Amino acid sequence: MSRAEFGSEACYVPATKIIAQRSENWNMGNRHIAGCQWACVTFAMVLALLVTPPKIAEGQEQPLAFIGARLIPIDGPEIERGTLIVHGGRIIAVGDQQALAIPAEAQRIDVAGKTIMPGLICTHSHVGGIGGADGSGPIQPDVRIFDSINVRDSGFRRAVAGGLTTLNIMPGSGHLLSGQTIYVKLRRGHTIDDLLIYADDGWLMGGLKMANGTNSIRSGGGPFPGTRGKSASLVRQHFIKAREYADKVERAAGNPDRLPPRDIGLEAMQEVISKRRIVHHHTHRHDDIITVLRLSVEFDFRVVLHHVSEGWKVADEIARAGVPCSVIVIDSPGGKLEAAELSFETGGILERAGVLVAFHTDDYITDSRLFFRSAALAVRGGMTRSGALAALTLNGAKMLDLDRRIGSLTPGKDADFIILDGDPLSVYTKVLETWVEGQRVFDRADSEDRLYAVGGFGAGRDQEPYFCCFHEWMMRQYGLSQQQITQQQD
Amino acid sequence: MRSISPSGTGLVFRSTSQVDIAHAWRALLFACLVAFAVCNEAITEAQIAVRGDVVITMAGEPIRQGVVVIRDGKIAAVGRFGEVAIPEEFEVISAAVVTPGLIDAHGTAGLTGIFNQPHDQDQLENSGPIQPELRAIDAVNTREQLIEYLRSFGITTMHTGHAPGELVSGQTMIIKTVGGTVEDAQVVGQAAVAATLGPGATRSSGSPGTRGKQIAMLRQELIKAQEYRRKQNQPANDNGPPRDGETTASARDLRLEVLAQVLDGQLPLLVTANRAQDIASALRLAEEFKIRLWLDGAAESYLLIDEIRAARVPVILHPTMTRAVGEYENLSFETAAKLVAAGIPLAMQSGFEGYVPKTRVVLFEAAMTAAHGLTQEQALATITRDAAAILGISHRVGTIEVGKDGDLALFDGDPFEYTTHCLGTIIDGRVVSSIRR
């Protein structure tokens with residue numbers, strides 16, 4: 001069975017009925033790749049075995065009408081005094097306060113003077129005390145980040161305090177391929193399973209983390225690359241191997257006797273080759289960015305470029321490739337050679353070139369509580385306001401294949417939204433409440449929530465965070481012990 | 001629009017959008033002037049007057065439609081436009097908001113370079129835990145890109161030097177953020193001796209390996225310095241103080257000499273301490289040896305407000321946005337507000353960054369305090385007037401007053417707002433940055 005280019009809807013189409021769809025958003029062209037029946041069989045089996053995945057919260061039986069706020073729907077013009085109605089975990093209606101009829105049974109909530117917009121989506125986060133690939137090699141697609149996440153880590157509380165409702169939690173950049181990422185909703189959960197996002201066919205949604213440039217290069221030999229040329233050759237060889245595996249599976253046509261021995265790493269790669277799993281690729285320098293584009297063409301995989309410190313130098317090339325960018329905004333350039341020309345202007349330059357742009361926190365590189373700041377500094381650097389706000393929400397959803405479900409205040413989408421006390425791009429504005437699927441998960445008026453929002457004694461993390469690139473200086477700076485440093489080295 | 005005055009009744013910053021429309025022509029004029037000025041060394045030395053829709057002097061109420069006249073590098077007049085005479089030959093540039101040149105009360109730029117490679121990282125010497133003899137002046141690269149970057153955000157003065165990370169890592173100095181040589185940039189050649197308490201300055205093998213050992217080593221070294229000073233003040237024959245040319249009892253020791261300066265009160269001890277117990281240790285040490293203490297970092301200082309106030313110790317607070325991890329895990333965005341409310345002298349800093357961002361921008365860090373409990377005036381004071389007072393350079397910088405250095409920062413709106421731009425930076429009457437950033 002063949003499956004066409006991804007699309008925003010692809011993940012929601014039952015695996016048995018996958019149809020050709022082209023993305024309206026990424027415009028990746030007509031790349032077409034054979035999928036594999038075996039994978040579909042696997043999906044079906046997984047589906048059958050799964051207990052029904054966490055669905056939209058069922059507790060919200062009464063409609064809630066938030067009345068009088070300025071609404072920023074993202075997919076339409078701002079509404080100065082609007083009403084948002086949610087029910088059953090979904091958005092039911094969005095409109096002008098005067099025009100919108102409120103169901104008689106709805107609970108009315110006065111939010112006059114406030115601002116409501118969709119929950120923020122971070123396309124690149126490291127919260128949860130995560131640990132992905134280890135030191136055994138540079139390419140480890142078998143590793144799933146969700147097997148490592150501490151759902152009680154205070155990083156999650158900070159994230160909702162910052163208005164984030166969906167994250168792509170990723171392993172680090174110290175490997176060419178450091179494992180499978182996971183997309184999570186910031187529901188209040190007891191285990192990571194409570195936070196996971198499933199496609200309609202039961203597929204556990206996530207991407208694949210890759211990196212090039214200096215972070216994944218290690219001196220001293222061993223299995224890790226020492227140069228950029230070697231980095232690319234290792235990746236190419238691995239994709240060739242993955243393709244061969246996928247071909248074998250396809251040729252087996254479901255016959256168990258002909259299937260190759262299961263390899264969980266290559267199974268994940270197979271999902272990349274079939275374009276279901278998106279590659280999230282750390283890359284900074286202009287030539288490293290181009291290398292990613294070259295490999296994505298050669299092996300025909302879907303990719304989001306992450307960080308893109310020098311993306312402003314090759315904005316037209318990125319635009320022509322139709323590849324989206326998730327941009328990091330950092331207070332100053334430098335810290336490593338490939339970030340020495342990082343600029344606040346990157347977001348605006350990419351936007352003007354026609355690239356789909358999102359931002360990310362890279363938490364713990366920047367704090368999830370300050371995510372609005374990334375967009376605001378990009379506006380300072382020349383990006384449009386509407387583009388910057390979309391880059392915190394809908395554009396990120398597109399990069400995670402979740403835009404049918406989240407990213408805008410649109411009837412039918414999940415009731416993931418935030419209530420602010422002012423303009424989202426002002427330093428003085430605070431997130432008052434964060435709602436996920438119709439449930440309030442953060443309330444600044446609550447003293448415990450407030451502790452995580454502003455900090456203070458007891459707001460400390462349960463685990464040391466994963467630093468994307470080990471640097472002894474960073475550990476020293478934060479007063480971490482030698483033992484902690486050793487634990488972080490991979 | 002937000003009030004700049006603590007009372008809320010004073011002048012207001014103009015919004016960026018208003019400024020953009022109303023002052024586009026001014027921005028253009030400014031850009032032209034700056035372009036001309038930067039290209040022409042003779043002009044950059046010329047006399048200059050700066051108009052502001054609001055001039056925030058930090059010495060009294062902000063002046064609406066104000067003007068600052070800078071003659072020969074010093075502020076010659078400040079007042080309302082039309083009431084202050086501007087000599088005809090003076091260049092006049094304008095901005096929506098004019099503030100004193102900003103002061104970064106503690107950073108490492110200049111010793112720390114943008115690339116984070118061994119050749120541009122001179123902020124920490126790891127060969128020993130106690131090396132107060134290391135001078136900042138021997139290590140600062142005033143042409144460092146990070147300094148240029150900070151300058152473009154209106155930062156004109158910075159206290160830089162050896163970083164936290166060793167028990168006593170070396171000295172610090174105060175510079176202007178422009179200068180071909182460190183001598184050109186120097187404001188204070190020896191500002192403080194930098195020390196660090198807590199796990200950030202322990203070693204996995206060797207000493208100090210624990211907090212207790214840190215204090216033991218520091219005390220022992222300071223006692224040695226007391227002894228050294230006593231001996232230095234005695235002639236070899238122990239018959240009264242040494243006369244000119246007379247040899248003293250002990251050979252000159254740079255390390256103990258500097259610690260003796262600390263004991264004499266000539267140099268403050270800048271102690272980076274974040275956990276409450278480390279802050280308490282710093283206060284105890286200062287009390288025992290009667291040394292001037294600048295408390296640095298101070299993430300958990302909100303737990304020891306009374307003790308810090310009683311000790312009359314100023315705080316140079318960690319960057320508000322530093323990562324809440326390790327000994328910073330309990331940091332609060334509201335610490336600055338709590339310290340100021342308690343009357344504790346406070347300045348903000350860019351701190352030290354080991355990775356990215358390679359430096360923080362103290363303007364942004366102060367902005368976060370304005371968003372979390374400080375008034376805008378109080379927040380601005382932490383990077384102007386109050387920072388100058390703590391660093392002992394109030395006679396030169398920190399406010400816009402006649403006789404002080406002609407250091408100004410120009411903005412197109414509320415300096416703290418994310419989307420405002422710094423339009424230019426003036427140091428000693430020279431336009432040293434004209435990047436709209």
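Since we're looking at a predicted model, the values are computed, not measured.

(A) Structural view of the pattern of salt bridges. Inspection of every chain in the model, using the stated rule, returns 56 salt bridges over all chains. Ionic pairing is found between Arg-255 of chain B and Glu-133 of chain B, a salt bridge with its closest N-O pair at 3.2 Å. Here Glu-133 of chain B lies in the loop between strand E5 (102-107) and helix H4 (145-151) and Arg-255 of chain B lies in helix H7 (residues 254-263), a separation of 122 residues in the sequence. Taking the shortest distance from any N to any O, the salt bridge between Asp-405 of chain B and Arg-396 of chain B comes out at 2.8 Å. One connected set of salt bridges, linked through shared partners, spans Arg-90, Lys-185, Arg-187, Asp-414, Asp-416 and Glu-437 of chain A.

(B) Broad picture of the sheet that holds strand E13 (residues 279-283) of chain A. All names here are of chain A. The mixed open sheet is built from six strands, whose spatial order is E10-E12-E13-E14-E15-E16. Strand pairing shows two members of the sheet lacking a second neighbour, strand E10 (177-180) and strand E16 (357-360), which therefore form its edges. Geometrically, the sheet is characterised by an average inter-axis angle of 25° between neighbouring strands, direction not taken into account. Note that E10 and strand E12 (residues 208-211) share three bridges and pair antiparallel. By the bridge assignment, Gln-180 is partnered in E12 with Leu-208.

(C) How the structure looks around the packing of helix H3 (residues 228-252) of chain A against helix H4 (residues 264-273) of chain A. All names here are of chain A. The contact between H3 and H4 brings their axes to 9 Å, and the two run at 90°. Between H3 and H4, the crossing angle belongs to the class labelled roughly perpendicular. Within the contact between the two elements, H3 uses His-238, Phe-239, Lys-241, Ala-242, Arg-243, Tyr-245, Ala-246 and Val-249 and H4 uses Leu-266, Glu-267, Met-269, Gln-270, Val-272 and Ile-273. For the contact of H3 with H4, a count of residues per class yields nine nonpolar, two polar and three charged.

(D) Local environment of the packing of aromatic side chains. Residues and elements named next belong to chain A. According to the stated counting rule, one finds nine aromatic pairs over all chains in the structure shown. Measuring from ring centre to ring centre gives 5.2 Å for Phe-66 and Trp-435, while their planes differ by 80°; the resulting arrangement is edge-to-face. Taken together, the residues Phe-66 in strand E3 (residues 64-71) and Trp-435 in strand E18 (residues 431-436) connect sequence positions 369 residues apart. When its relative accessible area of 1% is taken as the criterion, Phe-66 is described as buried.

(E) Geometry of the interface of chain B and chain A. Each side of the interface is counted separately: chain B has 62 residues, and chain A has 50 residues. Taken together, the two surfaces of chain B and chain A that pack against each other cover about 5,000 Å², and 59% of this comes from carbon and sulfur. Of all residues in chain B, Arg-323, Tyr-355 and Tyr-418 of chain B bury the most surface against chain A, accounting for 18% of the area lost on that side. Between the two partners, chain B and chain A, sit one salt bridge. Linking Arg-450 of chain A and Glu-334 of chain B is a salt bridge whose minimum nitrogen-to-oxygen distance equals 2.5 Å. For the pair chain B and chain A, the number of links is 26 residue pairs in polar contact (both at pLDDT 80 or more). For the side of chain B that touches chain A, the secondary structure elements donating two or more residues are H4 and helix H11 (362-370) of chain B. Looking at the side of chain B that touches chain A, its residues break down into 30 nonpolar, 18 polar and 14 charged.

(F) Quick look at the environment of Val-402 of chain B. Residues and elements named next belong to chain B. Inspection of the secondary structure assignment puts Val-402 in the loop between helix H13 (385-391) and strand E13 (408-411). By relative accessible area, which is 56% here, Val-402 ends up exposed. Sequence separation between Val-402 and Val-69 is 333 residues; the distance between their C-alpha atoms is 8.9 Å. Residues within four places of Val-402 in sequence aside, it is in contact with Ile-75, Ala-76, Ala-77 and Val-78.

(G) Representation of the confidence of the model for chain B. Residue and element names in this part refer to chain B. Model confidence for chain B is summarised by a mean pLDDT of 90, while 86% of its residues fall at 70 or above. Confidence drops under pLDDT 50 across residues 1-25; counting only partners more than four residues distant or on other chains, this segment forms 54 contacts. Note that residues 32-44 has pLDDT below 50 and, in this model, 14 contacts with residues that lie over four places away or in other chains.

(H) The pairing of strand E10 (residues 293-297) of chain B, seen in detail. Residue and element names in this part refer to chain B. With five of five residues buried, E10 is to be regarded as a mostly interior element. Judged from the five bridges that link them, strand E9 (residues 269-273) and E10 form a sheet pairing that is parallel. Residue pairing for E10: Thr-272 is matched across the bridge by Asp-296. Viewed along the sheet, the connection from E9 through helix H8 (residues 276-289) into E10 turns out right-handed. With three bridges connecting them, E10 and strand E11 (residues 315-317) associate as parallel partners. In the sheet register, Asp-296 faces E11, and the bridge partner there is Ile-316. Between the parallel pair E10 and E11, the chain is carried across by helix H9 (residues 305-310), and the sense of this crossover is right-handed.

Calculation rules
Per chain, residue numbering runs from 1 following the sequence as it is written. Lettering of chains starts at A and numbering of ligands starts at 1, both following the order in which they are written. Local features in this predicted model are restricted to residues of pLDDT 70 or higher, and side-chain atom pairs are both shown and tallied only at a pLDDT of 80 or more, whereas totals for entire chains, interfaces and linings draw on every residue. For the side-chain quantities, the full set of heavy atoms in the structure was used; hydrogens and water were omitted. Take a side-chain nitrogen of Lys or Arg and a carboxyl oxygen of Asp or Glu: if they are within 4 Å of each other, that pair is a salt bridge. By the criteria applied, helices consist of DSSP H or I runs no shorter than four residues and strands consist of E runs no shorter than two, each listed in order from the N terminus. Think of it this way: DSSP has to see at least two bridges between two strands before they count as a pair. Comment: axis = line fitted to C-alpha atoms, over the contacting stretch for helices; angle = value between 0 and 180 degrees taken between N-to-C directions. With respect to orientation, any angle under 35 degrees is reported as roughly parallel, any angle over 145 as roughly antiparallel, any angle of 65 to 115 as roughly perpendicular, and every other angle as oblique. By definition, residues are in contact when any of their heavy atoms lie within 4.5 Å. Charged means Asp, Glu, Lys or Arg here, nonpolar means Ala, Val, Leu, Ile, Met, Phe, Trp, Tyr, Cys or Pro, and polar covers whatever is left, Gly included. Ring geometry is summarised as follows: Phe, Tyr and Trp rings, the Trp one being its six-membered ring, pair when their centres sit within 6.5 Å, and such pairs are stacked at plane angles under 30 degrees, edge-to-face over 60 and tilted between the two. Each residue's exposure class comes from its accessible area (1.4 Å probe, protein chains only) as a fraction of the maximum for that residue type: buried when under 20%, exposed when over 50%, partly exposed otherwise. Computed with a 1.4 Å rolling probe, the buried area is the accessible surface lost when two parts are put together, summed over both parts. Counting of polar contacts relies on pairs of N or O atoms within 3.5 Å, with two restrictions inside protein: one atom must be capable of donating a hydrogen and the other of accepting it, and residues adjacent in sequence are counted only when both atoms are side-chain atoms. The predictor attaches a confidence to each residue, called pLDDT, with possible values from 0 through 100. With the strands aimed away from the viewer, a crossover counts as right-handed if its path from the first strand over the helix to the second runs clockwise.

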